[in-house]
Amino acid sequence: MNSLRIEKHGTGILLRYGNTKLAFDTGATGFLTLLSHSHADHIGQLQKASHLVATRGTLDTLEARGKSVSCKSTIIRNGETLGKIGYYITALNAGHVLGSSMFRIEFDDGLSVLYTGDFNTVDSIVHRRARAIEADVLITEATYGTPQWVFPERRGVHRDIVGKAKEIIESDKIPVFRAYSLGKAQEAIALLHHSGITTVSGNKAIDAVSSVYKSHGCDFNFIPSESLSHPKDLPDQIAVVSSSPKHTRAALIRGSKRNDENARPPEMREYNLSGWTLLEYKNRGFPLSAHSDFPHLLRFAKAVNPRVVYCFTGNARILARHLDKGGINAVPLE
Ligand SMILES: [Zn+2]
């Protein structure tokens, strides 16, 4: 009988089972790499990968963020299954960012393993939610894996963001929503755009990733970041979504001084869009998250109905303890 070995490795996880060697979210010599999405904390050591499996969305966003894959790559669609010698790989929508996948591996002897990557079980404006599927072994992220992380209903968070944007615009200032350039920024742009607010990208990283979203059929419009330093190109009332408010501020200052050296740059009001704002930056943002909160992590694990759960990321130990308490055998990967 084969034994299953799962261990942490850099930004990802290595799995060995019989002759099968899989590397989730990391490159590793002699392993097949399965890439769940292209956030920086999931793409370590890709130069060591000799063969990589990912969705088109993951490869396109990776490229938009200035990274290239030099090894052989196989494109898989979410919902699709690839047959390999001794096992099958199925990619499943993770609901986290464009093209993000969970991977379910089914070995010929019947053992099944589900790796979540980062995942979100709540619909956002631009991503459909992840759905649980049964597996014998679950390898799950635990980013918000402690009981205090219970996110409010998403539509309410959206309403609050739009309300704040309108309030700041009314006072002749520019609301700047700080968000990760991949995923959260596009949700914010879509939200503001569909609420009738002219939305400007705050920096080049957001320009590039948002263009990829549009090329994949996402319905939103935005003004590219270069317009910030050319105020004549901009309407009077705008909101900005930025992953680098420092660059946004510099561009606005350049723009205001273009015709008049003594001109005052427009005033910005900055807000974080992040799950962490729920507790850690309470007065400076809105808890818009691309991850599952604590109750959803528990619910998801229960629905997978695994014999064992491996938890990774910061709160792995605490989530494992809570899963164990709830009757699900769980171990943190540290
Ligand atoms: Zn991520």
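Here, residues in each chain are numbered from 1, in the same order as that chain's written sequence. Totals for whole chains, interfaces and linings use every residue, but because this is a predicted model, local features are given only for residues with pLDDT of at least 70 and side-chain atom pairs only at 80 or more, for both listing and counting.

Draft legend 1. Expanded view of the pairing of strand 12 (residues 174-178). Counting buried positions along strand 12 gives five out of five residues, so the element sits mostly inside the fold. With C-beta atoms placed from the backbone, a residue counts as buried when 20 or more other C-beta atoms lie within 10 Å of its own, as exposed when 12 or fewer do, and as partly exposed for counts between those limits. Runs of E in the DSSP output that reach at least two residues are strands. Runs of H or I that reach at least four are helices, and both are numbered from the N terminus. Burial along strand 12 is two-sided: the face carrying Ile174, Val176 and Arg178 and the face carrying Pro175 and Phe177 are both buried. Of the strand pairs in this sheet, strand 12 and strand 14 (residues 239-242) are connected by three bridges, and their pairing is parallel. Looking across to strand 14, one finds that valine 176 is bridged to valine 240. A pair of strands is labelled paired if DSSP reports no fewer than 2 bridges between them.

Draft legend 2. Representation of helix 5 (residues 245-257) in the model. In this analysis, the expected span of each helix is defined as 1.5 Å times one less than the number of residues it contains. Helix length check: helix 5 (13 residues) gives 18 Å between terminal C-alpha atoms against 18 Å at 1.5 Å per residue, within 8%. Listed in full, the buried residues belonging to helix 5 are Thr248, Arg249, Ala251, Leu252 and Gly255. Down the axis of helix 5, the buried side of the element spans an arc of 165°, and every buried residue falls inside it. A residue pair is marked as a contact if its C-beta atoms, positioned from the backbone, fall within 7 Å. On the buried face of helix 5, the contacting elements are strand 12, strand 14 and strand 15 (268-273). Note: the arc covers the axis-to-C-beta directions of the helix.

Draft legend 3. Structural detail: the sheet that holds strand 17 (residues 308-312). Spatial ordering of the open sheet is given by 7-8-9-10-11-17-18, a layout of seven strands whose pairing is mixed. Edge positions in the sheet fall to strand 7 (81-84) and strand 18 (330-332), since each has one partner strand and no second. The mean angle between the axes of side-by-side strands here comes to 15°, regardless of whether they run parallel or antiparallel. Where strand 10 (residues 112-115) lies against strand 11 (residues 137-141), three bridges are found, and the strand directions are parallel. Each residue of the ladder has a partner; that of leucine 114, found in strand 11, is leucine 138. Along the sheet face, helix 6 (residues 294-304) touches strand 10, strand 11 and strand 17 and points at about 165° away from the line of strand 11. Sheet strands in contact with helix 7 (residues 316-325) are strand 17 and strand 18, and its direction is about 170° off that of strand 18. To define axes, lines are fitted to C-alpha atoms, for helices over the stretch in contact only, and angles between the resulting N-to-C directions are given on a 0 to 180 degree scale.

Draft legend 4. Representation of the sheet that holds strand 6 (residues 72-75) in the model. The strand order 1-2-3-4-5-6 describes an open sheet built from six strands, whose pairing is mixed. If you trace the sheet from one side to the other, it starts and ends with strand 1 (4-9) and strand 6, each paired once. Averaged over all pairs of adjacent strands, the angle between strand axes in this sheet comes to 25°, irrespective of strand direction.

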